[in-house]
Amino acid sequence: MKIGLLGFGVVGRGVYEIAASQKNMQVTKVLCLENISLPDAEPVKDFAEILNDPEIDTVVEAMGGLHPSHEFAVAALKAGKNYVTSNKALVCTYYEELVPLAEEMGVKLRCTAAVGGGIGWLSELERSRRAQTINQVGGIMNGTCNYILDHMTRFGMGYDQALKQAQSLGYAEANPATDVEGIDTWHKVILSANVAFGITLDKESVPVAGIAGIQAQDVANFAAHGLVCKLMSAAKRTETGFDVYVQPQLVPQGDPEAAVPLNYNLITFLGQTSDRMSFYGQGAGRYPTAYNVVEDLIDVAAGKGFYAPYGPKVTALNSETMAYYVRGGWDGETREHWGDAVVTMPVSVARMHAWRKDHPDAFIAGLSE
Ligand code: HSE
């Protein structure tokens with residue numbers, strides 16, 4: 001396998017190092033705008049040098065962002081090259097284009113590192129969905145948010161300092177607002193639901209609330225009630241369709257999710273026959289993520305393509321109801337007061353997220369009953 005590698009940052013450099021130790025795998029060209037010199041690959045500054053190289057059969061993208069990643073992915077697939085990426089924003093945003101295009105061109109598209117960093121989550125979903133119906137997926141999918149919430153909860157660290165540390169450890173996106181506003185988790189749960197359920201979610205129907213507004217007083221409120229806050233995703237098959245959403249969730253201190261430390265992720269599916277299966281590991285960082293990219297390369301060499309067939313378009317309904325912790329302006333029915341915040345009577349996920357759209361400064365967190 002001859003590989004053209006796009007990007008030589010946190011993940012790209014890791015892919016280069018790990019690929020060098022594999023059999024039958026050679027990174028021959030690396031697209032990098034900075035001046036680098038490599039012992040056994042040619043650094044290039046123009047993507048065309050990779051695209052037009054007939055020896056390169058597989059392109060790995062580890063640049064992140066949507067542009068020019070999108071243009072590069074389409075061009076590479078159209079040129080008949082396999083494509084492996086860790087870029088969840090790319091595959092989620094252009095799902096409707098890239099998945100059918102890879103199928104049409106008869107080339108392999110994989111992105112296991114896009115969800116869960118080093119966890120073989122999408123590749124396990126690919127296996128699990130063959131033998132059973134999957135009814136639910138979700139969990140903790142963002143290492144940066146988990147790192148921040150964990151440091152605020154266990155060490156009383158301030159939000160800003162915890163975010164800075166997560167950035168310096170290479171966990172955060174180039175624009176960390178993507179992490180803390182829940183967009184990264186949103187990309188990941190949409191991709192997971194598409195694979196698990198064999199659907200193509202209407203992204204706009206999936207609401208998202210992040211952790212950006214959380215304060216020390218919220219964390220103290222949660223601790224006083226034996227609860228821990230985690231940024232969680234959920235995608236559930238219901239009697240009428242699908243509920244899919246991303247929001248801070250308050251989980252009891254004894255729950256497995258409450259104990260997830262640092263940059264780790266804990267992602268779960270509920271299968272009709274297997275029931276609960278949870279996957280735990282480093283959700284961000286150079287070597288875990290690069291390891292999963294290399295796993296994909298091995299799978300591509302073995303003939304594996306995308307994880308599930310391209311499925312029909314589906315709108316998330318979000319009729320599930322739960323009580324919410326709200327700090328900031330809640331004017332609906334209230335069950336309790338926790339300091340400056342309230343706990344609402346149960347409301348639907350759809351209603352709460354619609355309310356929050358009009359109150360963007362409010363901090364909300366669902367209560368797991
Ligand atoms: N910024 C992401 C995270 C990187 O913190 O989880 C891994 O997808």
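Everything quoted here is computed from the prediction, not taken from an experiment.

**Student:** I'm lost on the overall build of the protein in this one. Help?
**Tutor:** Looking only at helices and strands, the protein has 13 helices and 19 strands in total. For 369 residues, the compact-globule estimate of 2.2 N^0.38 gives 21 Å, and the C-alpha radius of gyration of the protein, at 21 Å, lies within 12% of that figure. Principal-axis analysis of the C-alpha atoms gives the protein an extent of 65 × 45 × 35 Å. Considering only residue pairs separated by 6 or more positions, the protein has 69% of its internal contacts joining residues 24 or more positions apart. With 29 positive and 42 negative side-chain charges, the protein shows a separation of 4 Å between the mean positions of the two kinds.

**Student:** Looking at this structure, I do not really get the environment of Gln-165. What am I missing?
**Tutor:** When you line up the elements, Gln-165 lands in helix 8 (residues 159-168). For Gln-165, a relative accessible area of 25% corresponds to the partly exposed category. Contacts of Gln-165, omitting those with residues within four sequence positions, involve Tyr-147, His-151 and Met-157.

**Student:** For this particular structure, what's the right way to read the packing of helix 3 (residues 69-78) against helix 5 (residues 95-105)?
**Tutor:** In helix packing, the relevant descriptors are the interaxial angle and the interaxial distance, both defined with respect to the helix axes. Contact pair helix 3 / helix 5: the axes reach a minimum separation of 9 Å and the direction vectors enclose 15°. Relative to helix 5, the element helix 3 lies roughly parallel. Here helix 3 and helix 5 pass one another in a crossing that is left-handed. Across from His-70, Ala-73, Val-74, Leu-77 and Lys-78 in helix 3, the residues of helix 5 making contact are Glu-97, Leu-98, Leu-101, Ala-102 and Met-105. Taken together, the residues of the contact of helix 3 with helix 5 break down into seven nonpolar, one polar and two charged.

**Student:** Hey, could you run me through the sheet that holds strand 9 (residues 227-237) in this one?
**Tutor:** Pairing between sheet strands relies on hydrogen bonds along the backbone, with the strands arranged either parallel or antiparallel. Strand order in this open sheet of nine strands is 12-11-7-9-10-19-15-17-16, and the pairing throughout is mixed. Looking at which strands have only one partner, the edges of the open sheet turn out to be strand 12 (275-282) and strand 16 (334-338). Averaged over neighbouring strand pairs, the angle between their axes works out to 30° when direction is ignored. Relative to strand 17 (residues 341-344), strand 15 (residues 324-327) runs antiparallel, the two sharing two bridges. If you follow Tyr-325 over to strand 17, its bridge partner there is Val-343. The sheet strands contacting helix 10 (residues 183-197) are strand 7 (134-140), strand 9 and strand 10 (242-252), and the helix crosses strand 9 at an angle near 35°.

**Student:** Is there a simple way to explain the sheet that holds strand 4 (residues 58-61) in this structure?
**Tutor:** Read across the sheet, six strands follow the order 3-2-1-4-5-6 without closing on themselves; strand pairing throughout is parallel. What marks the edges here is a single partner per strand, and that holds for strand 3 (42-44) and strand 6 (109-110). Bridge analysis of strand 4 against strand 5 (residues 82-85) gives four bridges, and the strand direction is parallel. Opposite Val-59, over in strand 5, you have Tyr-83 as the bridge partner.

**Student:** Explain the side chain of Asp-243 to me, please; I cannot follow it from the model alone.
**Tutor:** For Asp-243, the location among the structural elements is in strand 10. For the buried residue Asp-243, which engages in no salt bridge, the nearest side chain bearing the opposite charge is Lys-236, 6.6 Å off. Polar contacts involving the side chain of Asp-243 include one to the main-chain amide nitrogen of Asn-318, which spans 2.7 Å. Setting aside its immediate chain neighbours within four residues, Asp-243 contacts Ala-234, Ala-235, Lys-236, Thr-238, Leu-317, Asn-318, Ser-319 and Glu-320.

**Student:** I would appreciate a short explanation of the nonpolar core in the present structure.
**Tutor:** What tends to happen in soluble globular proteins is that the nonpolar side chains get buried as a cluster. Counting 82 residues, the largest nonpolar core has Tyr-83 and Trp-121 as its most contacted members. With near-sequence residues (within four places) excluded, Tyr-83 lies in contact with Leu-6, Val-59, Glu-61, Ser-69, Phe-72, Ala-73, Ala-76, Leu-77, Leu-90, Lys-108, Leu-109 and Arg-110. Ile-18, Val-30, Leu-38 and Val-84 belong to the second-largest nonpolar core, a separate cluster that totals 23 residues.

**Student:** Please clarify how the site of the ligand should be interpreted in this entry.
**Tutor:** The local shell around the ligand consists of Lys-88, Asn-142, Gly-143, Thr-144, Tyr-171, Ala-172, Glu-173, Asp-179, Asp-184, Lys-188, Gly-283 and Ala-284. Within the backbone of Tyr-171, one N or O atom sits 2.7 Å away from a nitrogen atom of the ligand. One nitrogen or oxygen atom from the side chain of Lys-188 is found 2.8 Å from an oxygen atom belonging to the ligand. In isolation the ligand has 260 Å² of accessible area, and contact with the protein removes 94% of it. Only helix 7 (143-155) and helix 10 provide two or more residues apiece to the shell around the ligand. Residues belonging to the shell around the ligand are distributed by class as follows: three nonpolar, four polar and five charged.

**Student:** What should I look at first to understand the pairing of strand 12 in this one?
**Tutor:** Each regular strand displays side chains that alternate between the two surfaces of the sheet. Two strands pair when backbone bridges link them, and strand 11 (residues 264-271) and strand 12 are joined in this way by eight bridges, in the antiparallel orientation. Directly across from Leu-270, in strand 12, lies its bridge partner Arg-276. Between strand 11 and strand 12, which pair antiparallel one after the other, the connecting turn spans three residues.

Basis of the calculations
- Each chain carries its own residue numbering, running from 1 in the direction its sequence is written.
- Per-residue local features of the predicted model are confined to residues with pLDDT of at least 70, and side-chain atom pairs are confined, for both listing and counting, to 80 or more; whole-chain, interface and lining totals are unaffected and use all residues.
- Just so you know, side-chain values use all the structure's heavy atoms and leave hydrogens and water out.
- Put simply, DSSP H or I for four residues or longer makes a helix, DSSP E for two residues or longer makes a strand, and each gets a number counted from the N terminus.
- As defined in this context, the radius of gyration uses C-alpha atoms, and a globule is described by 2.2 Å times the residue total to the power 0.38.
- Contacts are assigned to residue pairs with any non-hydrogen atoms lying within 4.5 Å of each other.
- Only four residue types enter the charge count: Lys and Arg as positive, Asp and Glu as negative, with His and the chain ends excluded.
- To locate a charge, take NZ of a lysine, CZ of an arginine, CG of an aspartate or CD of a glutamate.
- Under the scheme applied here, a residue whose accessible area is under 20% of the maximum for its type counts as buried, over 50% as exposed, and between as partly exposed, the area being computed with a 1.4 Å probe on protein chains only.
- The convention used is that axes are lines fitted to C-alpha atoms, helices contributing only their stretch in contact, and that angles between N-to-C directions extend from 0 to 180 degrees.
- Orientation categories follow fixed angle ranges, with anything under 35 degrees roughly parallel, anything over 145 roughly antiparallel, 65 to 115 roughly perpendicular, and all other angles oblique.
- Crossings are sorted by hand: turned counterclockwise from the far helix by less than a right angle, the near helix makes the crossing left-handed, and turned clockwise it makes it right-handed.
- Under the grouping applied here, Gly and all other residues not named as nonpolar or charged are polar, the nonpolar ones being Ala, Val, Leu, Ile, Met, Phe, Trp, Tyr, Cys and Pro and the charged ones Asp, Glu, Lys and Arg.
- Strand pairing follows a simple DSSP-based rule, namely that at least 2 bridges must link the two strands.
- Salt-bridge detection follows one rule: a side-chain nitrogen of Lys or Arg within 4 Å of a carboxyl oxygen of Asp or Glu.
- Within 3.5 Å is the distance limit for a polar contact, defined as a pair of N or O atoms, with the added protein rule that one can donate a hydrogen and the other accept it, and that residues adjacent in sequence qualify only through two side-chain atoms.
- Think of a nonpolar core as a cluster: buried Ala, Val, Leu, Ile, Met, Phe, Trp, Tyr and Cys residues, connected wherever their side-chain atoms sit within 4.5 Å.
- The nearness test applies per residue and asks whether one of its heavy atoms lies within 4 Å of the molecule or strand.
- Computed with a 1.4 Å probe, the accessible areas rest on the Shrake-Rupley method; for each residue, only the protein chains presented here act as cover.

Geometric values such as these leave the question of function open.
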